[in-house]
Amino acid sequence: MSGTAGRAAVIAGVGSCLPPRVVGNEELARRLDTSDEWIRSRTGIARRHLVDPGTATAALAVEAGASALKSAGRADVDSVIVATTTPERLCPATAPQVAARLGLAGVAAHDVSAVCTGFLYGLATAAGQIATGLADRVLLVGAEAFSTIVNPADRTTAVIFADGAGAVVLRAGTADEPGAVGPCVLGSDGDLSDLITIPAGGSGHRSRGVPAHPDDHYFQMQGRDVYRHAVERTTEAALAALARAGWRCEDVDRFVPHQANARICAAIAERLDIGSDRQASNIERVGNTAAASIPLLLADEAAAGRLASGDRVLLAAFGGGLTWGATTLTWPELAAVAAPATAAVREPAG
Ligand code: COA
């Protein structure tokens, strides 16, 4: 390989983290006008993991990142990217803090903000850094303390969104080796930015100088419209990514979609003609964890032995922005991948 010609990003490690507290549908139904039956039938979710007070995104990201670095067998990277909707603060980004807590202070570190599509935007960014020679090794984390922005009184979002983190380590390699990330397809439509939003807190609201309604500091979603766009856009992106990779739908061994809602995932898989035996899913156990969803699911699938070296994997996601994306990859040869870290989630003392 001379210079950067022919370089591709290759997955070298996977890890994940879930906060220890498990909240079932019945617990939500005790304080919201909803039921286990409604939540299961409309979303496919039975339970989820939520952070305890005092734990936020960086703690989850650090645990998932450490687990991915361990799986990669090397603790050094040149770049850390954190995809999140729930940064520790509006300013600065969360990634430098995560890098420092992993003993990586000094490396490039930045956040990616694309809500539930954040991991795929991050993957495209990481692959670009590797392809251009900006980095040889990248740690990409999708992490969310999403419950911190959910309005506890809003039954339409409180039953769906949850907390967790997943991470991958990418290294420079070649497109024909197991683990190589294929062409990424990304898109957006800012005309529909109001469908998924936190109205207050940013410069748009602050510049008007008018106090915000308390509810406007919470995440808001127009679920029915989101549902329709999610199915259409994600299917289109998946088909475009498959076409660019030169794969047909029947070539896909494992479809790993963002776990938005079980019905959305099923509708997309049906349009792609990918049967349930080839669909990965963990939404029943973890809910919709936004930018953490795909890497959490990859780690789950790997830990359960459902991904073998050379398997052809299709990733696809949709989220606020609106944003959407898809990519292909082949599964790498990895040492045993650990189940999600849970007990070790800790904020630093002080
Ligand atoms: N429990 C009980 N009833 C609820 C409810 C809940 N948790 N949430 C909403 N409802 C009610 C609504 O108020 C509505 O009542 P109405 O008919 O009297 O007005 C009824 O259920 C149907 O609401 P609707 O929003 O049409 O339901 P739906 O079948 O579309 O399901 C979502 C709602 C949110 C599950 C669904 O729209 C969805 O999954 N959207 C996409 C969400 C998503 O994935 N977002 C992330 C994208 S990354």
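The rules we used
Residues numbered from 1 in each chain as written. Predicted model: local features only at pLDDT ≥ 70, side-chain atom pairs only at ≥ 80, totals over all residues. Heavy atoms only, no water. Core = buried A, V, L, I, M, F, W, Y, C linked by side-chain atoms within 4.5 Å. Buried < 20%, exposed > 50% of the residue type's maximum accessible area, 1.4 Å probe, protein only. Helix = DSSP H or I, 4+ residues; strand = E, 2+ residues; numbered from the N terminus. Domains from an automatic or database assignment. Pairing = 2+ DSSP bridges. Axes fitted to C-alpha atoms, helices over the stretch in contact; angles between N-to-C directions. Contact = heavy atoms within 4.5 Å. Near = heavy atom within 4 Å. Polar contact = N/O pair within 3.5 Å; in protein donor to acceptor, adjacent residues only side chain to side chain. Areas by Shrake-Rupley, 256 points an atom, 1.4 Å probe, with all protein chains shown as cover. 1 Å grid on protein atoms, 1.4 Å probe; cavity = no way out; pocket = protein on both sides within 12 Å on 5 of 7 lines; lining within 4 Å. Sits in = over half its atoms within 2 Å of the grid points. Salt bridge = Lys/Arg side-chain N within 4 Å of Asp/Glu carboxyl O. Buried area = accessible area lost by both parts, 1.4 Å probe. Disulfide = S-S within 2.5 Å. Phe/Tyr/Trp six-rings, centres within 6.5 Å; stacked < 30°, edge-to-face > 60°.

**Q** Can you walk me through the nonpolar core in this structure?
**A** Nonpolar side chains tend to gather and get buried jointly when the protein is soluble and globular. Core analysis: the largest hydrophobic core is formed by 47 residues, its most contacted members being Phe 161, Phe 255, Leu 272 and Leu 314. Only α8 (223-245), α9 (262-272), β12 (312-319) and β13 (323-330) provide two or more residues apiece to this core. When residues of this core are assigned to their parent elements, the largest contribution, seven residues, is made by α8. Looking at this core, you find at least three residues from each of domain 1 (7-174) and domain 2 (185-330).

**Q** Sorry if this is basic, but what is going on with the sheet that holds strand β7 (residues 164-174) here?
**A** Sheet strands pair by backbone hydrogen bonding; their relative direction is either parallel or antiparallel. The strand order across the open sheet formed by five strands is β1-β7-β6-β4-β5, and the pairing between neighbours is mixed. Where the open sheet ends on each side, the last strands, each with one partner, are β1 (7-17) and β5 (108-112). This sheet shows a mean twist of 20° between the axes of neighbouring strands, independent of strand direction. Relative to β7, strand β6 (residues 137-144) runs antiparallel, the two sharing eight bridges. Looking across to β7, one finds that Ala 143 is bridged to Ala 165. Together, β1, β6 and β7 form the strand contacts of helix α3 (residues 57-72), whose direction differs from that of β1 by roughly 120°.

**Q** When you look at the site of the ligand in this model, what are you seeing that I'm missing?
**A** Near the ligand there are 24 residues, and of these Thr 34, Arg 42, Arg 155, Arg 224 and Asn 261 occur at the shortest range. At a separation of 2.7 Å, a nitrogen atom of the ligand approaches a polar side-chain atom of Thr 34. Side-chain polar atom of Arg 224 to an oxygen atom of the ligand: 2.6 Å apart, as the coordinates give it. Calculation on the ligand without its partners gives an accessible area of 950 Å², and the protein chains cover 76% of this total. A molecule is said to occupy a pocket when more than half its atoms come within 2 Å of that pocket's grid points, and by this definition the ligand occupies the second largest pocket.

**Q** How should I be thinking about the pattern of salt bridges in this particular structure?
**A** Under the definition given, this model contains 15 salt bridges. Each of Arg 248, Glu 250, Asp 251 and Arg 312 takes part in one network of salt bridges that share partners.

**Q** I'm lost on the domain arrangement of the protein chain in this one. Help?
**A** You can read the domains of the protein chain as domain 1 (7-174) and domain 2 (185-330). Of note, the centres of domain 1 and domain 2, computed from C-alpha atoms alone, are 14 Å apart. Contact with domain 1, which involves 49 residues of that partner, is made by 43 residues of domain 2. Carbon and sulfur atoms supply 69% of the area that domain 1 and domain 2 bury against each other, a total of about 3,300 Å² over both sides. Considering only the side of domain 1, the residues that lose the most area to domain 2 are Cys 116, Leu 120 and Tyr 121, jointly responsible for 17% of the buried surface there. Counting every contact that joins domain 1 to domain 2 gives one salt bridge. Among the salt bridges present, the one from Arg 40 reaches Glu 284, with a minimum N-O distance of 3.9 Å. In this assembly, domain 1 and domain 2 are joined by 13 residue pairs in polar contact (both at pLDDT 80 or more). Looking at the side of domain 1 that touches domain 2, the elements with two or more residues in it are β1, α2 (36-43), β3 (47-50), α5 (118-131), β6, α6 (155-158) and β7.

**Q** Quick question: what am I supposed to make of the state of the cysteines here?
**A** In protein structure, a disulfide is the covalent linkage between the sulfur atoms of two cysteines. Tallied over the full model, the rule gives zero disulfides. Free cysteine Cys 116: the closest other cysteine sulfur is in Cys 265, separated by 11 Å.

**Q** Looking at this structure, I do not really get the packing of aromatic side chains. What am I missing?
**A** Describing an aromatic ring pair means giving the distance of the ring centres and the angle of the ring planes. Using the criterion set out here, one finds three aromatic pairs in the structure. Judged by centre distance (4.6 Å) and plane angle (15°), the ring pair of Phe 146 and Phe 161 falls under stacked. Here the residue Phe 146 occupies a position in the loop between β6 and α6, and Phe 161 occupies one in the loop between α6 and β7, the gap between them amounting to 15 residues. Assessed through its relative accessible area of 0%, Phe 146 is described here as buried. Taking the centre distance of 4.9 Å and the plane angle of 65° together, the rings of Phe 161 and Phe 219 count as edge-to-face.

**Q** I keep staring at the sheet that holds strand β8 (residues 181-188) and nothing clicks. Help me out?
**A** Spatially, four strands are ordered β8-β13-β12-β11 in an open sheet, and the strand pairing comes out mixed. Only two strands of the sheet have a single neighbouring strand rather than two, namely β8 and β11 (254-257). This sheet shows a mean twist of 10° between the axes of neighbouring strands, independent of strand direction. With four bridges connecting them, β11 and β12 associate as parallel partners. In the sheet register, Phe 255 faces β12, and the bridge partner there is Leu 314. Across the sheet, α9 is in contact with β11 and β12; its angle to β11 comes to roughly 140°.

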